[in-house]
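One-letter residues, chain by chain:
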Amino acid sequence: MDEQRRTVTIPVGDAQLPADLMLPAQPVGVVLFAHGGGSSRHSPRNVAVARTLNGRGLATVLVDLLSPSEDEVDARTAELRFDIGLLASRLAGIVDWLAGERPAGAVPIGLFGASTGAAAALVAASSRADRVGAVVSRGGRPDLAGAALAQVRTPTLLLVGGLDEEVLTLNERALAELGEVGELRVIPGATHLFEEPGTLEQVADQAGAWFTTHLR
């Protein structure tokens, strides 16, 4: 499969956000990644999941949601990584950019969020229901989405490690608020970071199936 990788700068408000685009020859959809606090677009776990999605014909966008200067501040204070409103507004802006610039063509858009990034993805999905066709959360904190959780109308898959007990409880509560658009699946034997052999591959496979089913 012919693939094209591009590094671009996406303007969102007054920020310029660096992003890595991977474009399969004929994408069937594009998935925007929202990493967890303290991570970046180079997160090895998200990069691995993105590669699996590319193999299914999905374009991927791995982006830093903080500008380089904001990242320096956050490295000292850790305050911006938990600013879900800011991160969600950045994601929504990138969704608008994808819909307008169409780097992958006129294809449906999905969101993949990890940890706190999952909360931002859900808030963004609630505000862009006309543009976001599917959401996947990996070890996510959907509880941090607050009141927006009940406003989500997008098919949402919650993937949680079976040994990640506290986060599993939070996701079970979130599922009740998501209602019929939500589905919770537990990866047996996995902890929060899915470092156990084969567990991240299960996340990637289930995410790929979810996106290819719902991004039509």
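Our structure is the block above this text.
Counting from 1, residues in each chain are numbered in the order their sequence is written. The predicted origin of the model limits local features to residues at a pLDDT of at least 70 and limits the giving and counting of side-chain atom pairs to 80 or more, whereas totals for whole chains, interfaces and linings rest on all residues. Based on all heavy atoms of the structure, the side-chain values leave hydrogens and waters out of the count.

A.B. asks: Can you walk me through the pairing of strand E3 (residues 29-34) in this structure?
C.D. replies: The side chains of a regular strand alternate between the sheet's two faces. Residue exposure (1.4 Å probe, protein chains only): buried if accessible area is under 20% of the type maximum, exposed if over 50%, otherwise partly exposed. Only DSSP runs of H or I reaching four residues or more are called helices, and only runs of E reaching two or more are called strands; each is numbered from the N terminus. E3 sits mainly inside the fold: six of its six residues count as buried. The alternating pattern of E3 places Gly29, Val31 and Phe33 and Val30, Leu32 and Ala34 on opposite faces, both of which are buried. Any two strands are treated as partners once DSSP identifies two or more bridges connecting them. Judged from the five bridges that link them, E3 and strand E4 (residues 58-63) form a sheet pairing that is parallel. Each bridged residue has a counterpart across the sheet, and for Phe33 the counterpart in E4 is Leu62. Here five bridges tie E3 to strand E5 (residues 109-114), and the two strands are oriented parallel to one another. Paired with Val30 across the two strands is Ile109, which belongs to E5.

A.B. asks: Could you clarify how one ought to interpret the pairing of strand E1 (residues 3-12) in this entry?
C.D. replies: Here E1 pairs with strand E2 (residues 15-24) via 10 bridges, running antiparallel. Considered in E2, the bridge of Val12 is made with Ala15. Between E1 and E2, which pair antiparallel in sequence order, lie two residues; one of them, Gly13, sits at a positive phi of approximately 60°.

A.B. asks: Can you walk me through the nonpolar core in this structure?
C.D. replies: In summary, soluble globular proteins display a tendency toward joint burial of nonpolar side chains. Definition of nonpolar core: a set of buried residues of the types Ala, Val, Leu, Ile, Met, Phe, Trp, Tyr and Cys, connected through side-chain atoms within 4.5 Å. Core analysis: the biggest nonpolar cluster contains 45 residues, and Ile10, Leu32, Val61, Val63, Leu91, Ile94 and Leu111 have the highest contact counts within it. For this core, the leading source of residues is helix H3 (residues 84-101), giving nine residues. We call two residues contacting when some pair of their heavy atoms lies within 4.5 Å. Beyond its immediate sequence surroundings of up to four residues, Leu91 is in contact with Leu32, Phe33, Ala34, Leu65, Ala120, Ala121 and Ala124. Counting residues in hydrophobic clusters, the runner-up holds 22 residues, among them Leu157, Leu159, Val203 and Leu215.

A.B. asks: Would you take a moment to explain the pattern of salt bridges for this structure?
C.D. replies: Between side chains of opposite charge, pairing is possible as soon as their charged atoms come close. Within this document, salt bridges are pairs made up of a side-chain nitrogen of Lys or Arg and a carboxyl oxygen of Asp or Glu, the two lying within 4 Å of each other. For the structure shown, the criterion picks out nine salt bridges. We note a salt bridge from Glu70 to Arg90, for which the minimum N-O separation is 2.9 Å. With a gap of 20 residues between them, Glu70 in helix H2 (residues 68-77) and Arg90 in helix H3 connect regions that are remote in the sequence. The exposure classification of Glu70 matches that of Arg90, with both residues buried. A salt bridge links Arg81 to Asp74; the shortest N-O distance between them is 2.9 Å.

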